[in-house]
Structure formats: structure tokens, C-alpha cells
Amino acid sequence: MPKRQPNPKLLLDSKTHSRHSAGLLAPAVSDCRALGLSNTAASHANQLSIFPTATLSFVILSLEKLPQVLRPGFMNKTSMKTAADKLRTMHIIDAAIGGSLCLIAAIVASAIANGHPWKSFVPLIFSVVLLLNARLFGARAGLLGTVLAALVFAGFLFSPVGSIQVANESARANLGWMLLIGIGFSFLFAPPTSGCRR
């Protein structure tokens with residue numbers, strides 16, 4: 001009895017186990033031949049295996065010669081460096097925006113609370129602003145905003161004015177709690193990037 005030959009028109013896909021016509025794989029073979037790859041590599045490019053790791057090594061090496069246009073998932077070193085620089089710039093911009101907003105809010109809070117008996121509690125109330133800043137603009141913005149707000153309160157709100165030394169003990173304790181809350185939340189719970197970019 002003669003041995004039955006498999007139908008060359010139908011191939012079994014190794015990932016989906018569905019049948020595809022051989023005509024769909026013909027462009028891949030013609031692309032391999034157009035790039036000057038050997039006929040063996042071109043013929044092996046259209047063969048599918050039920051084991052994904054069973055691909056022949058010389059086929060993989062031959063297919064690495066494909067141009068970048070035919071390999072859309074491939075990123076070269078230049079594009080990776082550009083993406084990393086862009087990400088670093090966005091982190092710096094987010095930190096600058098969040099820190100600037102905290103600085104302005106701390107100056108406004110100092111101007112409003114100056115001369116009132118409850119001014120020693122302003123850093124504790126301002127912790128809410130610091131938490132929102134860290135949540136919206138990321139951890140770096142939370143850290144920068146906390147430090148800038150503490151400097152503003154120590155220098156302009158509490159006596160002696162113009163110095164970062166705080167004479168009032170309760171104001172110093174509240175300032176320390178604000179620093180602890182702002183820095184701790186930024187390190188532990190704040191997202192690494194701005195909420196607008198997520």
C-alpha cells in the first residue's frame with residue numbers, strides 16, 4: 001500500500017493548533033529569498049513545529065539578518081537610550097511641578113496663618129497637601145515638596161523668622177511629624193510616576 005503524503009496546502013500552527021493555508025506563509029519565504037538567505041533557510045522559515053523550542057538554530061540566526069522593518073518588536077540601543085532619557089526627563093518635570101506647587105501652597109499657608117495662635121498646627125494640616133501631591137505627581141515630587149514646605153514653614157512661619165531653627169517646641173514637633181508623614185508616604189505608598197502619565 002503506498003504511503004499517503006500529507007496535504008501541502010494545509011499546515012498546523014504550533015501555537016494555535018489551527019490550520020492555515022500555505023499561501024499565507026508564502027510571503028515570508030519570498031522575503032527570506034529576497035534578502036539573500038539560503039533556500040534551506042527559506043524553506044525552513046515556513047515549517048511549523050509543535051515544539052516551539054525545536055526551531056533549528058541556523059534558521060534563527062538567518063532570520064536575525066532581517067531588517068528592522070520586518071522585526072517591529074526589536075529596539076536598537078539608540079532608541080532604548082532615547083526612551084530612557086525621555087522617561088528621566090518626565091520624572092524630573094513631574095518632580096519640579098509637584099515641588100513648585102507645594103512651595104507655593106506652603107508660602108500661601110504661611111501668609112494666612114502668620115500671627116494666629118493656631119499657626120503651630122499648620123504643618124500637620126499641610127500634610128494632606130503633601131499626600132495629595134505625592135499621589136498625583138509621584139514619589140520624587142512628594143519628597144521634594146515635603147522638604148521645600150518644611151523649609152518655608154521653618155523660615156517664614158515660626159520664630160525666629162529668616163532662620164531654619166524653630167524656637168517653639170510644639171511647632172518643631174509638628175514640623176517633624178509633617179516631615180515624617182510626607183517622606184514616609186512618598187517612599188512607601190506614592191507611585192513612581194505622575195498619575196497623568198499612568
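Higher on the page you've got the structure.
Residues numbered from 1 in each chain as written. Predicted model: local features only at pLDDT ≥ 70, side-chain atom pairs only at ≥ 80, totals over all residues. Heavy atoms only, no water.

Asker: Can you lay out the overall build of the chain for me, pointing to particular residues and giving the numbers?
Answerer: The number of helices and strands found in the chain is seven helices and two strands. By residue count, 27% of the 198 residues in the chain fall in the buried class. For the chain, the proportion of contacts with a sequence separation of at least 24, taken over those separated by at least 6, is 63%. Accessible surface computed for the chain: about 13,300 Å², of which carbon and sulfur atoms make up 68%. (Helix = DSSP H or I, 4+ residues; strand = E, 2+ residues; numbered from the N terminus. Buried < 20%, exposed > 50% of the residue type's maximum accessible area, 1.4 Å probe, protein only. Contact = heavy atoms within 4.5 Å. Areas by Shrake-Rupley, 256 points an atom, 1.4 Å probe, with all protein chains shown as cover.)

Asker: Report on the packing of helix α6 (residues 139-157) against helix α7 (residues 169-188), specifying residues and quantitative values.
Answerer: Across the interface, α6 lies against α7 with an axial gap of 8 Å and an inter-helix angle of 170°. The pairing of α6 with α7 is recorded here as roughly antiparallel in orientation. Mapping the contact onto sequence places Ala 139, Gly 142, Leu 143, Thr 146, Ala 149, Ala 150, Phe 153 and Ala 154 in α6 and Leu 175, Met 178, Leu 179, Gly 182, Ile 183, Ser 186 and Phe 187 in α7. Residues of the contact of α6 with α7, tallied by class, amount to eleven nonpolar, four polar and no charged. (Axes fitted to C-alpha atoms, helices over the stretch in contact; angles between N-to-C directions. Parallel < 35°, antiparallel > 145°, perpendicular 65-115°, else oblique. Nonpolar A, V, L, I, M, F, W, Y, C, P; charged D, E, K, R; others polar.)

Asker: Any chance you could break down the nonpolar core for me, citing the residues and the numbers?
Answerer: When a protein is soluble and globular, its nonpolar side chains tend to lie buried together. Phe 126, Ala 149, Phe 153, Phe 158, Leu 175 and Met 178 are the most contacted members of the largest nonpolar core, which has 18 residues in total. Of the residues forming this core, the biggest block, six residues, is contributed by α6. Discounting chain neighbours no more than four positions away, the residues touching Phe 158 are Lys 119, Ser 120, Pro 123, Phe 153, Val 166, Ala 171 and Leu 175. (Core = buried A, V, L, I, M, F, W, Y, C linked by side-chain atoms within 4.5 Å.)

Asker: For α7, give the residues involved together with the corresponding values.
Answerer: In a regular helix each residue adds 1.5 Å, so 20 residues correspond to 28 Å; α7 covers 28 Å between its end C-alpha atoms and thus fits that length. By the burial criterion, the buried members of α7 are Ala 171, Asn 174, Leu 175, Met 178, Gly 182 and Ser 186. Around the axis of α7, the buried residues are gathered within 105° of arc, so they sit on the same side. Those residues of α7 that are exposed and angled more than 90 degrees off the buried face are Glu 169, Trp 177, Leu 180, Phe 187 and Leu 188. The inward-facing, buried residues of α7 abut α5 (122-137) and α6. (Expected span 1.5 Å × (residues − 1). Arc of directions from axis to C-beta.)

Purely geometric stuff here, so don't read any function into it on its own.
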